[in-house]
Amino acid sequence: MKVLKSFYLSSRLFIVAAGLAVLFVFSYFLPQLLVISNLLFAALIFLLVSDALILFINKKGIYSYRAAPNRLSNGDDNEIKIFLENKYAFRITCEIIDEIPFEFQIRDLYFKISVEPGTTKIFTYTLRPVKRGEYNFGSTNIFTASSIGFVRRRFSFEGTKIVPVYPSYIQMKKYELMAISDRLTEAGVKRIR
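Chemist: Help me out: how do you make sense of the environment of Ile-142 in this one?
Modeler: The residue Ile-142 is located in strand β9 (residues 140-145) in this model. The exposure class of Ile-142 is buried, given its relative accessible area of 0%. When the C-alpha atoms of Ile-142 and Thr-93 are compared, they prove to be 9.8 Å apart, with 49 residues separating the residues in sequence. Those residues within four positions of Ile-142 in sequence are excluded, and the remaining contacts are Ile-62, Ser-64, Leu-84, Cys-94, Glu-95, Ile-96, Arg-153, Arg-154, Phe-155 and Phe-157.

Chemist: Could you clarify how one ought to interpret helix α3 (residues 33-56) in this entry?
Modeler: A turn of α-helix holds 3.6 residues, and therefore any two residues three or four places apart point the same way. A rise of 1.5 Å per residue sets the reference length of α3, with its 24 residues, at 34 Å; its end C-alpha atoms lie 35 Å apart and thus fit the reference within 8%. Among all positions of α3, only Ser-37, Leu-44, Ser-50, Asp-51, Ala-52, Leu-55 and Phe-56 are buried.

Chemist: Before we go on, may I ask you to explain the packing of helix α2 (residues 11-29) against α3 in this structure?
Modeler: A pair of packed helices is characterised by two quantities: the angle between their axes and the separation of those axes. Two elements in contact, α2 and α3, have axes separated by 9 Å at closest approach and are oriented at 160°. Put simply, α2 runs roughly antiparallel to α3. Considering only the axes of α2 and α3, their crossing is left-handed. Residues Leu-13, Val-16, Ala-17, Leu-20, Leu-23, Phe-24, Phe-26 and Ser-27 of α2 form the contact with α3, whose participating residues are Leu-33, Leu-34, Ile-36, Ser-37, Asn-38, Leu-40, Phe-41, Leu-44 and Leu-48. Classifying every residue of the contact of α2 with α3 by side-chain character gives 14 nonpolar, 3 polar and no charged.

Chemist: What is the right way to look at the sheet that holds strand β11 (residues 161-166) in this model?
Modeler: Strand pairing in a sheet takes place through backbone hydrogen bonds and is either antiparallel or parallel in direction. Ordered in space as β3-β11-β8, the 3 strands form an open sheet in which the pairing is mixed. Each edge of the open sheet is held by one strand with a lone partner, namely β3 (72-73) and β8 (133-137). Judged from the 2 bridges that link them, β3 and β11 form a sheet pairing that is parallel. Counterpart to Ser-73 in the pairing with β11 is Tyr-166.

Chemist: Even after reading the chapter, I still don't get the pattern of salt bridges, so can you show me in this structure?
Modeler: Pairing between side chains of opposite charge can happen when the charged atoms of each approach one another. Tallied over the full model, the rule gives 5 salt bridges. Note that Asp-98 and Arg-66 form a salt bridge whose closest N and O atoms lie 2.8 Å from each other. You can see Asp-98 sitting in strand β5 (residues 92-98) and its partner Arg-66 sitting in strand β2 (residues 62-67), a full 32 residues away along the chain. For the pair formed by Asp-98 and Arg-66, the shared burial category is buried.

Chemist: Before we go on, may I ask you to explain the nonpolar core in this structure?
Modeler: One recurring pattern in soluble globular proteins: nonpolar side chains tend to sit buried together. Residues Ile-62, Cys-94, Ile-96, Ile-100, Tyr-125, Leu-127 and Ile-142 are the most contacted members of the largest nonpolar core, which totals 34 residues. In contact with Ile-100, other than residues within four places in its own chain, are Ile-106, Leu-109, Tyr-125, Leu-127, Asn-136 and Phe-137.

Chemist: What is the right way to look at the packing of aromatic side chains in this model?
Modeler: In this description, an aromatic ring pair is defined by two values, namely the gap between the centres and the angle between the planes. Across all of its chains, the model carries 12 aromatic pairs by this definition. Here the aromatic rings of Tyr-28 and Phe-29 are separated by 5.4 Å at their centres, their planes lie at 80°, and the arrangement is edge-to-face. Arranged with centres 6.3 Å apart and planes meeting at 10°, the rings of Phe-155 and Phe-157 form a pair that is stacked. The two residues Phe-155 and Phe-157 agree in class, both being buried. Here the aromatic cluster, defined as three or more aromatic residues joined through ring pairs, consists of Tyr-63, Tyr-65, Phe-83, Phe-155 and Phe-157.

Chemist: Looking at this structure, how should I read the pairing of β5?
Modeler: Successive side chains on a regular strand alternate, one facing one side of the sheet and the next facing the other. Across the 7 residues of β5, 5 count as buried, placing the element largely inside the fold. Pairing analysis gives 6 bridges linking β5 to strand β6 (residues 110-115), with the strands arranged antiparallel. Its bridge partner being in β6, Ile-97 is matched across the sheet by Tyr-110. By the bridge criterion, 6 bridges tie β5 to β9 in an arrangement that is antiparallel.

Basis of the calculations
- Residues numbered from 1 in each chain as written.
- Predicted model: local features only at pLDDT ≥ 70, side-chain atom pairs only at ≥ 80, totals over all residues.
- Heavy atoms only, no water.
- Helix = DSSP H or I, 4+ residues; strand = E, 2+ residues; numbered from the N terminus.
- Buried < 20%, exposed > 50% of the residue type's maximum accessible area, 1.4 Å probe, protein only.
- Contact = heavy atoms within 4.5 Å.
- Expected span 1.5 Å × (residues − 1).
- Axes fitted to C-alpha atoms, helices over the stretch in contact; angles between N-to-C directions.
- Parallel < 35°, antiparallel > 145°, perpendicular 65-115°, else oblique.
- Left-handed = near helix turned anticlockwise from the far one by under 90°.
- Nonpolar A, V, L, I, M, F, W, Y, C, P; charged D, E, K, R; others polar.
- Pairing = 2+ DSSP bridges.
- Salt bridge = Lys/Arg side-chain N within 4 Å of Asp/Glu carboxyl O.
- Core = buried A, V, L, I, M, F, W, Y, C linked by side-chain atoms within 4.5 Å.
- Phe/Tyr/Trp six-rings, centres within 6.5 Å; stacked < 30°, edge-to-face > 60°.

Shape is all these values report; function is a separate question.
Okay, structure coming up:
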């Protein structure tokens, strides 16, 4: 039952099946097309089954985790990294949907990358919080597909993490360094007795 929850048919399969259905309709008027339609239908079934097998035969096809800082800086761009390791013996295409905190109100955070076999790819994006508090990150969902692309397999990696957001400590560090090097006048800060 767990396999069925991670098994998805792609839009590429439905496009090919629609084209094949049109070919079957034309074969009603031109009977010589029926043989070609039947051969293409058999090839479609064969590719569908083989695509599902190569994706699901390896129980741990990919490994991924999110690297978020222990605290976020309010009003600044904070870097979030997703590490993705391909354990398949072939190149895969991955669609990454990261469950970021709802406070950002971003519903379309979606990335598509391809990963070569046996390699690790690091994907980076930034988030900019605008108010203080605790932000809750959810899971990282990754949909993988082979080069055939008829079937997609979903991997879900639990990355639940509560990250506090503090006032802009990145800017405070910058001004602290300027104060140490006595360059505050360049930033427009005047000395007062």
